[in-house]
Amino acid sequence: MTNEKKDLRFEIKSIAEDGTFTGMAAVYGNTDLQGDVIEPGAFTRTLKDHNGEIKLLWQHDPSKPLGKGKITDTSAGLQIEGRLALGITAARDAYESLKAGIVDGLSIGYDVIRQNAKDGKRFLKELRLFEVSLVTFPANPLATVTAVKSEDAEIAELSAIGGALYRLSRKVSWR
């Protein structure tokens, strides 16, 4: 019985960018620049009615749809995993703006179903969500894109995986 070591070769030829990003479309409990406070549970009906999906727009412009997003209610707010339709010119431009950090804000288009007012603030208890937009200046400064998946990020991630596999292959005996 001999221990034989084999090298594991890992090479990245190319990775297609897929236009995905994640972020917080709406944040619970803080006062936005317009004096609104979104309360937890405000999106419960919308999530059910839309099966957890929502349209993505550019700067709230219905003539510039960009793609779709999967929305999830978290304790912090409404999280989105967006996918831009890169076959659309506006979506490609938006994706480049995201990757460059030029645009990183998110904003929501909605109707108010239930609210309370107190001390000059609106407490939004139930909202009907129509869309999530990538925006330059969000009404809620905490509603931002938190990650953009790009070719560079994927290459770094795959390189790290390749390095780990290589290190593992050096420790394992192949027979």
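Report follows, based on the coordinates. (Residues numbered from 1 in each chain as written. Predicted model: local features only at pLDDT ≥ 70, side-chain atom pairs only at ≥ 80, totals over all residues. Heavy atoms only, no water.)

1. Observations concerning the layout of surface pockets
Approximately 210 Å³ is the volume attributed to the largest pocket. Lining the largest pocket are 17 residues, with Asp 32, Ser 107, Ile 108, Tyr 110 and Ala 139 positioned closest to its centre. Secondary structure elements with two or more residues in the lining of the largest pocket: strand 1 (20–27), strand 2 (36–38) and strand 6 (105–118). If you tally residues by element for the lining of the largest pocket, the top one is strand 6, at four residues. In the lining of the largest pocket, the residues fall into 11 nonpolar, four polar and two charged. Quantified by volume, the second largest pocket comes out at close to 160 Å³. Around the second largest pocket, the lining is made up of 13 residues, and of these Thr 20, Phe 21, Glu 81, Gly 82 and Arg 83 lie nearest the centre. Contributions of two or more residues to the lining of the second largest pocket are made by strand 1, strand 4 (61–73), strand 5 (77–84) and strand 8 (145–148). Among the residues forming the lining of the second largest pocket, the class breakdown is three nonpolar, four polar and six charged. (1 Å grid on protein atoms, 1.4 Å probe; cavity = no way out; pocket = protein on both sides within 12 Å on 5 of 7 lines; lining within 4 Å. Points joined across faces, edges and corners; volume = space filled by probe spheres on them. Helix = DSSP H or I, 4+ residues; strand = E, 2+ residues; numbered from the N terminus. Nonpolar A, V, L, I, M, F, W, Y, C, P; charged D, E, K, R; others polar.)

2. Brief notes about the pairing of strand 3 (residues 53–58)
Note: strand 3 against strand 4, six bridges, orientation antiparallel. Paired with Leu 56 across the two strands is Gly 67, which belongs to strand 4. The turn joining strand 3 and strand 4, which pair antiparallel and follow one another in sequence, is formed by two residues; a positive phi near 55° is taken by Gln 59. One ladder, built from four bridges, connects strand 3 with strand 7 (residues 121–135); its direction is parallel. Its bridge partner lying in strand 7, Lys 55 is registered against Glu 131. (Pairing = 2+ DSSP bridges.)

3. A look at the nonpolar core
If you look at soluble globular proteins, the nonpolar side chains tend to sit buried side by side. Of all hydrophobic cores here, the largest spans 29 residues; its most connected members are Phe 43, Leu 84 and Leu 134. Mapped onto this core, the elements with two or more residues apiece are strand 1, strand 3, strand 4, strand 5, helix 2 (89–99), strand 6 and strand 7. Among the elements that make up this core, the one with the highest residue count is strand 7 (five residues). Beyond its immediate sequence surroundings of up to four residues, Leu 134 is in contact with Phe 21, Leu 57, Trp 58, Gln 59, Leu 66, Leu 84, Ala 94, Leu 98, Val 103, Gly 105, Leu 106 and Val 145. (Core = buried A, V, L, I, M, F, W, Y, C linked by side-chain atoms within 4.5 Å. Buried < 20%, exposed > 50% of the residue type's maximum accessible area, 1.4 Å probe, protein only. Contact = heavy atoms within 4.5 Å.)

4. A look at the pattern of salt bridges
Summed over all chains, the structure comprises eight salt bridges. Note that Asp 18 is salt-bridged to Arg 83, the shortest N-O span being 3.8 Å. Here Asp 18, found in the segment before strand 1, pairs with Arg 83, found in strand 5; they are 65 residues apart in sequence, far enough to count as distant. In the salt-bridge network here, residues are joined through shared partners; they are Arg 45, Arg 114 and Glu 126. (Salt bridge = Lys/Arg side-chain N within 4 Å of Asp/Glu carboxyl O.)

5. A few points about the side chain of Thr 46
Along the chain, Thr 46 turns up in helix 1 (residues 44–49). A distance of 3.2 Å separates the side chain of Thr 46 from the backbone oxygen of Leu 127, its partner in a polar contact. (Polar contact = N/O pair within 3.5 Å; in protein donor to acceptor, adjacent residues only side chain to side chain.)

6. Structural notes on helix 2
For helix 2, the complete set of buried residues consists of Ala 91, Ala 94, Tyr 95, Ser 97 and Leu 98. Axial view of helix 2: buried residues confined to an arc of 160°, hence all on one face. Just downstream of helix 2, Gly 101 is the residue with a positive phi angle, here 75°. (Arc of directions from axis to C-beta.)

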